[in-house]
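Architecture and fold: a report
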Amino acid sequence: MNKLPIANRMPFLIPRRFPAVRLSQNGSHALLYHTFSERHRPYYCNVTTYEKFYRDILLLKKQFMFSNALERMELNERELDGASEQKQGSRGTIYLTFDDSYRSILPVLAFCHANDIPTSIFVNTYLFENQTLLPKDKLFQALRHAPRPAALTFLNETVAMKNNSLLFRDYLAMRWNRRAMATLSYSDYEKEINTFFSACPFAPRDPDPDLAMMTPDDLRHIAQDLPSVRILSHGRSHFDLSRADTASLEQDIAGSKKTLEHMLGRAVSMFAYPYGFYSEATLEAVKRAGYTHAIAAGIDDQAQGPRALTLPRTSIDTRALSVL
Ligand SMILES: [Zn+2]
């Protein structure tokens, strides 16, 4: 009889279990969340249950201060270098950040605001274009529900991906989605995804609530009624900007800044790279557009470039938190 643990027998079906995130008590940590759900969805894109988030907040509140002045992270690091003894024993700082403009974060933002916890959201200006799903999530939703031949035809013909014989649909859709998004080009990916989406008769027409983007009115409500929430840019359509040409970079990075500033009536000085990916040209475009700071998505080891434009974050989502 096979005594191997189930995860070893089915390595492709069981998602990797990420280790708990360990936060040092006197450090500064920018934490990254995405969407929220009532139910646990292990194969879904970056989803946290509301229950887990409120548990995280209780744990963090005991040990840390909260701030949304993300620019301070750069200064904190310099202070730490110069006076590490002084810093010992003092409380660290948590910067709560939320990416991808999901509507499901509204109760979380209201909760944080009511509890004097400042937050930052990095939004995609695609939401101003009469859209309810980001292209990546539209593709994910369609892939989950598409009849298998349709999904495979799309993947083989459009993004030249190899056939995959596994059956676990959510998990597969997630993997397929990542591969497809890494292959499609900026100029045609919205069109390709829309064509595939409309050709999927079984794909629900309405967005899954866990993936739905906030509306322009939601964003206006946040700007007016929740002054402790900082609204910053995550680009336009969540394309991997390390692969975009100059014109697309301009459109996405400078364009999203302009749109947000027009709505908010104030400067938007910080950018978060979609997927955390950037290249030399991305950094240049961010500087050119007039952002003073930019932040990654939890992948600190690729940080190359000025610190102000490559601030680190720790991605949380389903992962457990522990404090050292
Ligand atoms: Zn994102």
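Below you will find a few notes about this structure.

So, how was this worked out
Residues numbered from 1 in each chain as written. Predicted model: local features only at pLDDT ≥ 70, side-chain atom pairs only at ≥ 80, totals over all residues. Helix = DSSP H or I, 4+ residues; strand = E, 2+ residues; numbered from the N terminus. Expected span 1.5 Å × (residues − 1). Bend = angle between axes of the 7 residues up to and from the residue. Contact = placed C-beta atoms within 7 Å. Buried ≥ 20, exposed ≤ 12 C-beta atoms within 10 Å, placed from the backbone. Arc of directions from axis to C-beta. Core = buried A, V, L, I, M, F, W, Y, C linked by C-beta atoms within 7 Å. Domains from an automatic or database assignment.

Regarding helix H11 (residues 246–264)
End to end, H11 covers 27 Å across 19 residues, agreeing with the expected 27 Å (1.5 Å per residue, within 8%). Its maximal kink placed at Gly255, H11 deviates by approximately 30 degrees. Contact partners of the buried residues in H11: strand E8 (229–233), strand E9 (270–272) and helix H12 (280–289). Positive backbone phi, at 70 degrees, marks Gly265, one or two positions downstream of H11.

Looking at helix H2 (residues 50–63)
Since the α-helix packs 3.6 residues into each turn, any two residues three or four apart lie on the same face. Here H2 spans 21 Å end to end across 14 residues, near enough to the 20 Å set by a 1.5 Å rise per residue. If you check which residues of H2 are buried, you get Lys52, Phe53, Asp56 and Leu60. With its buried residues spanning 95 degrees around the axis, H2 presents them on a single face. With respect to the buried face of H2, the exposed residues turned more than 90 degrees away are Glu51, Tyr54, Leu58 and Lys62. At its buried positions, H2 is contacted by strand E3 (35–37), strand E4 (47–49), strand E5 (64–66), strand E6 (92–99), helix H5 (106–114) and strand E12 (321–323).

Overview of the nonpolar core
Core analysis: the largest hydrophobic core is formed by 75 residues, its most contacted members being Ala30, Leu31, Leu143, Ala272, Val286, Ala294 and Ile295. The biggest single contributor to this core is helix H8 (residues 169–181), with five residues. For this core, the two domains that each supply at least three residues are domain 1 (19–130 + 213–323) and domain 2 (135–198). Beyond its immediate stretch of four places on either side in the chain, Ile295 contacts Ala30, Leu70, Met270, Ala272, Leu311 and Arg313.

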